[in-house]
Protein chains: 2
Amino acid sequence: MKFTIKRNAFIKKMNDVQRAISSKTAIEILTGIKINVTNETLTLTGSDSDISIENEIKADDSDYELSVEEPGAIVLPARFFSEIIKKLPEDTFTLAVNDRFQATITSGQTEYQVNGVNPENYPHLPEVDSNEHLRIAADIFKQIINQTVIAVSTQESRPLLTGVHLTIKDQELHAVATDSHRLSQRKIKLDGAENVSYDIIVPGKSLIELSRMISDSTDQLEIQIAENQILFNFNDTAFYSRLLEGMYPDTDRLIPQSSETTVEFNAVTLLRAIERASLLSHEGRNNVVKLSLNTETQIATLSSNSPEVGNIEEELQFDKLDGNNIEISFNPDYMRAALQALGQSEVRLALTLPLRPFTLTPTEDSEDFIQLITPVRTF
Amino acid sequence: MKFTIKRNAFIKKMNDVQRAISSKTAIEILTGIKINVTNETLTLTGSDSDISIENEIKADDSDYELSVEEPGAIVLPARFFSEIIKKLPEDTFTLAVNDRFQATITSGQTEYQVNGVNPENYPHLPEVDSNEHLRIAADIFKQIINQTVIAVSTQESRPLLTGVHLTIKDQELHAVATDSHRLSQRKIKLDGAENVSYDIIVPGKSLIELSRMISDSTDQLEIQIAENQILFNFNDTAFYSRLLEGMYPDTDRLIPQSSETTVEFNAVTLLRAIERASLLSHEGRNNVVKLSLNTETQIATLSSNSPEVGNIEEELQFDKLDGNNIEISFNPDYMRAALQALGQSEVRLALTLPLRPFTLTPTEDSEDFIQLITPVRTF
């Protein structure tokens, strides 16, 4: 095996593949990056057995100036190899491998020899043979990920809740995540998905890595779903994730259908106030803030109190406040994440009773993006 | 106590003082920041008992718009207080303290109450009553610090070596640091220091913090030295550090007076090669690289070998190579720090024997800045 390639272009592809590679894996060979080169393509593969990423570089792509002298394959220690490539002195480098899987990396006057591993010992990528190729705009899917993964559980005690529940039915995609204290649900229309129906749970971690790989230049994702794998294809990247197996809890019944009090805020203004209040709540024993809504006096107050440390009180600016008076206490970290997911919009809070979950929706659209937070009992 | 002040200007002064405050101190009150306000000045104090920093804001300085309603003092939890100030909504804030040492911080609609501590329990700053006020250009002193602290020891087993040895005599300042594997020595003329003589050891950590506080706008440092304290005055800052007590080893005799081989490099070119070689040496068991100088063939080679991982070999570009052939092995991390301290200049290495220390000096000046590295035995 022997090829020469442009260093900077190669580094980008290598960085992408490294997202899947963990140095902590129990399977030694998965700390490596697999490099496979034919006369037509160079393929880089990384995997932590949950996520696998495969990146292709085509020999005729002028960005890479790939010149293949001899096809072949090798697995090299990923972190070490990537550090070497990043520090090489010239614009290009040559990688040659002998039949004892020793790699020689040459660039200018610098020559590294690195011990590699037989690529035949590298696990095969999952096979995803599905006839259905769903297509979705990359920026929309990235938004859906970022708006729902905030609510996945980080606790392994209920593994299903560490995933995002995706259902595709009647040309609609529903994405829901909940850690049982809060919930985030997003819906969109899915064009061209007639007669397609899926019900799967994708690990939140996989989706976070995927969303980081989706750049502004990514147009579209092509999605294929098999028994226990999902495959995303975009640009020259194949991103595989295993699926979580089991029945996701029924979340539809959790979302309240009516409310007693509604209040509308600018999401960013409320976010800043929550951040100020949580400075205090984080110092104290209970990480709780209180929102008091008085509809008669038309005053909204945010407060937090930790006797050892001090307290904070702030009168909030709001757009509209209707219904019953209410005082509600909640974890400000949940509220912060929910408001961040809303971005620069206006938000409507709909509340029923002090201990019943309340919802946050964009004021102009209460259907397609709903978040729910369960209050904390403080008395 | 009650005052109002501009938030952003205050934050800068507060950040400076926080350099001295550690959250890990055993003395509870030192996790706090002391705020003292009179009709003329506001003073902020932080200390970890090794370093103390006092920053003054004058009431007539228009940058701060300081308005004092009632003089007084308080000690507030430093990290928490600083986070609050940074998140407040308006351009100014008001701090009021009642007689139970409860502080009320107000900005716009936001009101924090924070429990403080009686300032009378805060330790007194050391008294440095010296008649000698040495003056030195701030940028020069910062350079001296950065060029010598790289060689201080990080091991507490020989506490004196964690400091930089400063001697002032005959209108010259000598700064030396060594961790017994390497040494860095810098000399400068000190104008206006007739009949002044000092021999002190300043903790490396103090000097690093001091150098971070010296900005491009700092003109001059005024230095006062007492029994066991050194005080640096600049802008409106007083920076105190304790001194290390004891006799610093005699380092003059360590520096070789002659050499058998000399070689001149561009410091940056050599630095990049050392970084490439250390990628490999860091992976192996012994962190060692080898420099081979052949004066007959006029070839300089840098190499490193770790049987488990691989090896690297690189032919180096140099400016001039004279004397005996030599092969020398050393810790590349020491070499890297030494070359970084030299910056964009040319460097001369002067070597005698494979196991004898060698020196690095700027090619154009071998007197005022000398670094020394002890080789490693590899056979």
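Residues numbered from 1 in each chain as written. Chains lettered and ligands numbered in written order. Predicted model: local features only at pLDDT ≥ 70, side-chain atom pairs only at ≥ 80, totals over all residues. Heavy atoms only, no water.

1. Focus on the relation of the copies chain B and chain A
Note the threshold: When the copies are overlaid, the least-squares fit takes in C-alpha atoms only where the residue has pLDDT of at least 70 in both copies. In what follows, a contact means two residues having at least one pair of non-hydrogen atoms within 4.5 Å.
Superposing chain B onto chain A takes a rotation of 180 degrees plus a shift of 0.0 Å along the axis, which leaves an RMSD of 0.0 Å. Both copies are brought into coincidence by an operation consistent with a two-fold rotation axis. Relative to the rotation axis, the closest C-alpha in chain B is found at B:K24, a distance of 15 Å. Most of the interface of chain B is mirrored in chain A: 100% of its interface residues are interface residues there too.

2. Looking at the UniProt feature "domain: DNA polymerase III beta sliding clamp central" (unreviewed entry) in chain A
To be explicit about the condition: UniProt positions are given in the numbering used here, feature names are shortened, and annotations may be inferred rather than shown by experiment. Put simply, DSSP H or I for four residues or longer makes a helix, DSSP E for two residues or longer makes a strand, and each gets a number counted from the N terminus.
According to UniProt, the positions carrying the feature "domain: DNA polymerase III beta sliding clamp central" (unreviewed entry) are residues 136-250 of chain A. Taken as a whole, residues 136-250 of chain A contains 18% helix and 42% strand, while its terminal C-alpha atoms sit 25 Å from one another.

3. Some words on the packing of helix α1 (residues 7-18) of chain A against helix α2 (residues 78-87) of chain A
Residues and elements named next belong to chain A. Formally: For helices, the fitted line uses only the C-alpha atoms of the stretch in contact; every axis is such a line through C-alpha atoms, and the angle between N-to-C directions lies from 0 to 180 degrees. By the definition adopted for this analysis, an angle is roughly parallel if under 35 degrees, roughly antiparallel if over 145, roughly perpendicular if from 65 to 115, and oblique otherwise. Note on convention: near helix rotated counterclockwise from far helix by under a right angle means a left-handed crossing. Clockwise means right-handed. Three classes are used: nonpolar for Ala, Val, Leu, Ile, Met, Phe, Trp, Tyr, Cys and Pro, charged for Asp, Glu, Lys and Arg, and polar for all others, with Gly counted as polar.
Remark: α1 packs on α2, axes separated minimally by 10 Å, with the N-to-C direction vectors making an angle of 155 degrees. Here α1 is positioned roughly antiparallel relative to α2, judged by the angle of their axes. Viewed along their axes, α1 and α2 form a crossing whose handedness is left-handed. Counted together, R7, F10, I11, M14, N15 and Q18 of α1 and A78, R79, F81, S82, I85, K86 and K87 of α2 form the full contact between these two elements. Among the residues making up the contact of α1 with α2, the classes are represented as six nonpolar, three polar and four charged.

4. Points about the sheet that holds strand β26 (residues 369-373) of chain B
Residue and element names in this part refer to chain B. Just so we agree on the cut-off: Think of it this way: DSSP has to see at least two bridges between two strands before they count as a pair.
Strand order in this open sheet of nine strands is β14-β11-β12-β13-β26-β25-β24-β18-β22, and the pairing throughout is antiparallel. Among the strands making up the open sheet, the edge pair consists of β14 (198-203) and β22 (320-323). Here the average twist between neighbouring strands, direction ignored, is 15 degrees. For strand β18 (residues 261-266) and β22, the ladder comprises four bridges, and the chain directions are antiparallel. Its bridge partner lying in β22, T262 is registered against D322. Against the sheet, helix α3 (residues 138-148) makes contact with β11 (163-169), β12 (172-178), β13 (182-189) and β26, and its axis sits at roughly 165 degrees relative to β13, the strand it touches most. On the sheet, helix α5 (residues 267-283) packs against β18 and β24 (346-351) and is oriented at approximately 95 degrees with respect to β18.

5. As for the UniProt feature "domain: DNA polymerase III beta sliding clamp C-terminal" (unreviewed entry) in chain A
The UniProt record annotates "domain: DNA polymerase III beta sliding clamp C-terminal" (unreviewed entry) at residues 253-377 of chain A. The span residues 253-377 of chain A carries 22% helix and 42% strand; its end-to-end C-alpha distance comes to 22 Å.

6. Concerning a negative patch on the surface
Applied cut-off: Patches here: salt-bridge-free residues with over 30% relative accessible area, like charges joined within 9 Å, nonpolar side chains (Val, Leu, Ile, Met, Phe, Trp, Tyr) joined within 5 Å. Per-residue accessibility takes into account occlusion by the displayed protein chains alone, with areas from the Shrake-Rupley method and a 1.4 Å probe. Any Lys or Arg side-chain nitrogen located within 4 Å of an Asp or Glu carboxyl oxygen qualifies as a salt bridge. In this tally, Lys and Arg are treated as positive and Asp and Glu as negative; His is ignored, and so are the chain termini. Where a charge lies is defined by one atom per residue type: Lys uses NZ, Arg uses CZ, Asp uses CG and Glu uses CD.
On the surface, A:D63, A:E65, A:E90 and A:D91 cluster together to form a negatively charged patch. As for its placement among the helices and strands, A:D63 is situated in the loop between β4 (51-58) and β5 (67-70).

7. Considerations on the sheet that holds strand β11 (residues 163-169) of chain A
Residues and elements named next belong to chain A. One open sheet accounts for nine strands, arranged β14-β11-β12-β13-β26-β25-β24-β18-β22; its pairing is antiparallel. Strands with a single pairing partner mark the edges of an open sheet, and in this sheet they are β14 (198-203) and β22 (320-323). Neighbour-to-neighbour, the strand axes of this sheet turn through a mean angle of 15 degrees, independent of strand direction. Two strands pair when backbone bridges link them, and strand β12 (residues 172-178) and strand β13 (residues 182-189) are joined in this way by seven bridges, in the antiparallel orientation.

8. Structural notes on the pairing of β11(B)
To be explicit about the condition: For every residue, the accessible area obtained with a 1.4 Å probe (protein chains only) is divided by the maximum for its type, and the residue is called buried under 20%, exposed over 50%, and partly exposed between those limits.
Counting buried residues along β11(B), six of its seven residues qualify, which places the element largely inside the surrounding structure. From the end of β11(B) to the start of β12(B), which pair antiparallel, there are two residues, and B:D170 there has a positive phi angle of about 50 degrees.

9. Points about the interface of chain B and chain A
What counts, and what does not: Accessible area, probed at 1.4 Å, shrinks when two parts are joined; the buried area is that loss added up over both. Polar contact is the term for a pair of N or O atoms within 3.5 Å; when the atoms are in protein, one must be able to donate a hydrogen and the other to accept it, and sequence-neighboring residues count only if both atoms are side-chain atoms.
Counting from both sides, the interface comprises 29 residues of chain B and, opposite them, 29 residues of chain A. Taking both sides of the interface into account, the surface hidden between chain B and chain A amounts to around 2500 Å²; carbon and sulfur atoms contribute 49%. Of all residues in chain B, the largest losses of buried area upon contact with chain A belong to B:F80, B:R276 and B:L279, amounting jointly to 23% of the total for that side. At the boundary of chain B and chain A, one finds three salt bridges. Of the charged contacts in the structure, one is a salt bridge between B:E275 and A:K87, with a shortest N-O distance of 4.0 Å. At the boundary of chain B with chain A, the tally comes to 20 residue pairs in polar contact (both at pLDDT 80 or more). Looking at side-chain class alone, the side of chain B that touches chain A contains twelve nonpolar, six polar and eleven charged residues. In this structure, strand β21 (residues 310-316) of chain A lies alongside strand β9 (residues 110-115) of chain B, joined through five bridges in antiparallel fashion. The residue of β9(B) that forms the bridge with A:I312 is B:Y112.

10. Re the pattern of salt bridges
Residues and elements named next belong to chain B. Counted under the stated rule, the structure contains 33 salt bridges over all chains. Among the ionic pairs, R336 bridges to D333, the shortest N-O distance being 3.6 Å. Of this pair, R336 and D333 both sit in helix α6 (residues 332-342), three residues apart, which is roughly one turn of the helix. Overall, the relative accessible area of 24% leaves D333 in the partly exposed class.

11. Describing the environment of A:L372
Residues and elements named next belong to chain A. Structurally, L372 is set in strand β26 (residues 369-373). Distance from L372 to L207, taken between C-alpha atoms, is 21 Å for residues 165 residues apart in sequence. Setting aside chain neighbours within four positions, we find L372 in contact with H181, R182, L183, L254, I255, P256, P357, F358 and T359.

12. Section: helix α4 (residues 204-213) of chain B
In terms of burial, α4(B) is a largely internal element, seven of the ten residues being buried. Three or more residues of α4(B) are buried, namely B:G204, B:S206, B:L207, B:E209, B:L210, B:S211 and B:M213.

13. Notes on the packing of aromatic side chains
Convention followed: Classification of ring pairs rests on two measures: the distance between centres of Phe, Tyr or Trp rings, Trp counted by its six-membered ring, which must be within 6.5 Å, and the angle between planes, read as stacked under 30 degrees, edge-to-face over 60 and tilted in between.
This structure, assessed with the given rule, holds twelve aromatic pairs over all chains. Between A:F10 and A:F93 the ring centres are 5.2 Å apart and the planes differ by 75 degrees, which places this aromatic pair in the edge-to-face class. Taken together, the residues span a long stretch of sequence, with A:F10 in helix α1 and A:F93 in strand β7 (residues 92-97) at a distance of 83 residues. We classify A:F10 as buried; its relative accessible area is 0%. For the ring pair B:F3 and B:F93, a centre distance of 6.3 Å and an interplane angle of 65 degrees mean the geometry is edge-to-face. A residue pair is termed long-range when its members are at least 10 positions apart, and B:F3 in strand β1 (residues 2-6) and B:F93 in strand β7 (residues 92-97) qualify at 90 residues. Among the residues examined, B:F3 registers a relative accessible area of 1% and is labelled buried.

14. Details of the pairing of strand β2 (residues 32-37) of chain A
Residue and element names in this part refer to chain A. Inspection of the sheet shows β2 paired to strand β6 (residues 72-77) by six bridges, in the antiparallel sense. From the neighbouring strand, V37 faces β6, where its bridge partner is G72. Bridge analysis of β2 against strand β3 (residues 41-47) gives four bridges, and the strand direction is antiparallel. Its bridge partner lying in β3, N36 is registered against T43. Linkage of β2 to β3, two consecutive antiparallel strands, is achieved through a turn of three residues.

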